[in-house]
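Chains, contacts and geometry: an overview
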Amino acid sequence: MNGRRSSEGSQGITRSQRVLRQHSPSNPASSVDKVKVRMSMSLLELLVYTVGVKCRGINKKEHYAPEHMFSLSENTANKMFKRDGMVDLIKHNRTHLVRVYPKGTRVSSTNFVPQQYWSAGIQLVALNWQTYGGFALMLVDKRFANHKLDLGYVINHAMFQRNGRSGYALKPLALRSQDKSLLSKQTRHYLDITVRIDYLRSLYPKTLIDMG
């Protein structure tokens, strides 16, 4: 895999250099195309790392190059779970990137529960972030208590509080290892939770504070 990536990477650099030469000041554009485009070599090199492709299924007949990445709607991902289970997708996600996104009929910007897609090893689980405002307001003001809580957003928010809030969390060993027995092995985990309550005095009348 490393050798193939290096070969394709060198081809990508060649393409990048060709584009830069075509649009460099030393190579003026023709009279037909007078627009000069300057591109960053570093930016162009990123184009060879991932290539978006259509999902053709996951089976022995289909081959995806290491840089190939496809996106699945939640409906398509759920159908794959029911038809093939998670094992094939977990195996595919050990060497490839996959993205899943909410279905288009979520017109009110609700979210699915991301946990089931993380459990299949999917690295990029996209959510609707329009629900963030309501969640934040409800935490600090009881007047927003009737606002529907978006469970998917809350779980995602909690997930990425880990690892120093870097936006990246390492997948469990069972999802990274080729040892199939790890997927069926039951493990017990303990989670220490610290709850901090911030009392915002300015949001409530003094009389209610004294009564409380």
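Residues numbered from 1 in each chain as written. Predicted model: local features only at pLDDT ≥ 70, side-chain atom pairs only at ≥ 80, totals over all residues. Heavy atoms only, no water.

**A few points about the overall build of the protein**
The condition is simple: Only DSSP runs of H or I with at least four residues qualify as helices, and only runs of E with at least two residues qualify as strands; both kinds are numbered from the N terminus onward. Note on classification: 1.4 Å probe, protein chains only; a residue is buried when its accessible area is under 20% of the maximum for its type, exposed when over 50%, partly exposed between these limits. Should any heavy atoms of two residues lie within 4.5 Å, those residues are counted as being in contact. Using a 1.4 Å probe, accessible areas were evaluated by the Shrake-Rupley method; residue-level cover was limited to the displayed protein chains.
Helix and strand counts for the protein stand at 10 helices and four strands. Along its sequence from the N terminus, the protein presents helices and strands in the succession α-α-β-β-α-α-β-α-β-α-α-α-α-α. Each of the 212 residues in the protein was classed as buried or not, and the buried ones make up 26%. For the protein, the proportion of contacts with a sequence separation of at least 24, taken over those separated by at least 6, is 60%. In the form shown here, the protein has an accessible surface area of approximately 15900 Å², with 56% of it arising from carbon and sulfur atoms.

**So, the nonpolar core**
The condition that has to hold: In plain words, nonpolar cores are sets of buried Ala, Val, Leu, Ile, Met, Phe, Trp, Tyr and Cys residues tied together by side-chain atoms within 4.5 Å.
L89, V100, Y117, I122 and V125 are the most contacted members of the largest nonpolar core, which totals 17 residues. Those elements that place two or more of their residues in this core are β2 (68-73), α3 (74-84), β3 (98-101) and α5 (115-118). Those residues in contact with Y117, other than ones at most four positions away along the chain, are E74, A77, N78, F81, V100, F112, I122 and V125.

**Some details on the sheet that holds strand β4 (residues 124-125)**
Here is the rule: Here the rule is simple: two strands pair whenever DSSP picks up at least two bridges between them. Every angle, taken between N-to-C directions, lies between 0 and 180 degrees, and every axis is a line fitted to C-alpha atoms, over only the stretch in contact when it is a helix.
Taken together, four strands build an open sheet; the order of strands is β1-β2-β3-β4 and the sheet is parallel. Each edge of the open sheet is held by one strand with a lone partner, namely β1 (51-52) and β4. Sheet topology places β2 next to β3; four bridges connect them, and they run parallel. Each residue of the ladder has a partner; that of L72, found in β3, is V100. Where α3 meets the sheet, its contacts fall on β2 and β3, and the angle it forms with β2 comes to roughly 95°.

**A look at the confidence of the model for the protein**
Going by this rule: Each residue carries a pLDDT score, the predictor's own confidence in it, on a scale running from 0 to 100.
Looking at the protein, pLDDT values average 76 and 67% of them are 70 or higher. Element-level mean pLDDT values for the protein span from 47 in helix α1 (residues 2-22) up to 95 in β3. The model gives residues 1-13 a pLDDT under 50, and that stretch makes 11 contacts with residues more than four places away or in other chains.

**Observations concerning the pairing of β3**
Each regular strand displays side chains that alternate between the two surfaces of the sheet. Judged by which residues are buried, β3 turns out to be one-sided: V98 and V100 face inward and are buried, whereas R99 and Y101, on the alternate face, are not. Two strands pair when backbone bridges link them, and β3 and β4 are joined in this way by two bridges, in the parallel orientation. Each bridged residue has a counterpart across the sheet, and for R99 the counterpart in β4 is L124.

**Comments concerning the pattern of salt bridges**
Pairing between side chains becomes possible if they bear opposite charge and their charged atoms approach one another. The condition that has to hold: Whenever Lys or Arg places a side-chain nitrogen within 4 Å of a carboxyl oxygen from Asp or Glu, that contact is recorded as a salt bridge.
In this structure the tally under the stated criterion is two salt bridges. For the salt bridge of E62 with R56, the shortest nitrogen-to-oxygen distance reads 2.8 Å. Overall, the relative accessible area of 28% leaves E62 in the partly exposed class. Judged by relative accessible area, R56 falls into the partly exposed class, the value being 38%.

**Some points on the packing of aromatic side chains**
Put simply, the rule reads: Geometry of aromatic contacts follows a simple scheme: Phe, Tyr and Trp rings, the Trp one being its six-membered ring, pair when their centres are within 6.5 Å, and the pair is stacked under 30 degrees between planes, edge-to-face over 60, tilted otherwise. Geometrically, a lysine NZ or arginine CZ counts as sitting over a ring once it is within 6 Å of the ring centre and also within 35 degrees of the ring normal.
According to the stated counting rule, one finds five aromatic pairs in the structure shown. Ring centres 5.4 Å apart and planes at 50° place the aromatic pair Y64 and F70 in the tilted group. For the pair Y64 and F70, a shared accessibility class is recorded, and that class is buried. By the ring-pair criterion, three or more aromatic residues cluster together here, those being F81, F112 and Y117. A cation over a ring is seen here: R56 above Y64, with NZ or CZ 4.4 Å from the ring centre.

**Looking at the pairing of β2**
Two strands pair when backbone bridges link them, and β1 and β2 are joined in this way by two bridges, in the parallel orientation. Of the residues in β2, the one forming a bridge with G52 is M69.

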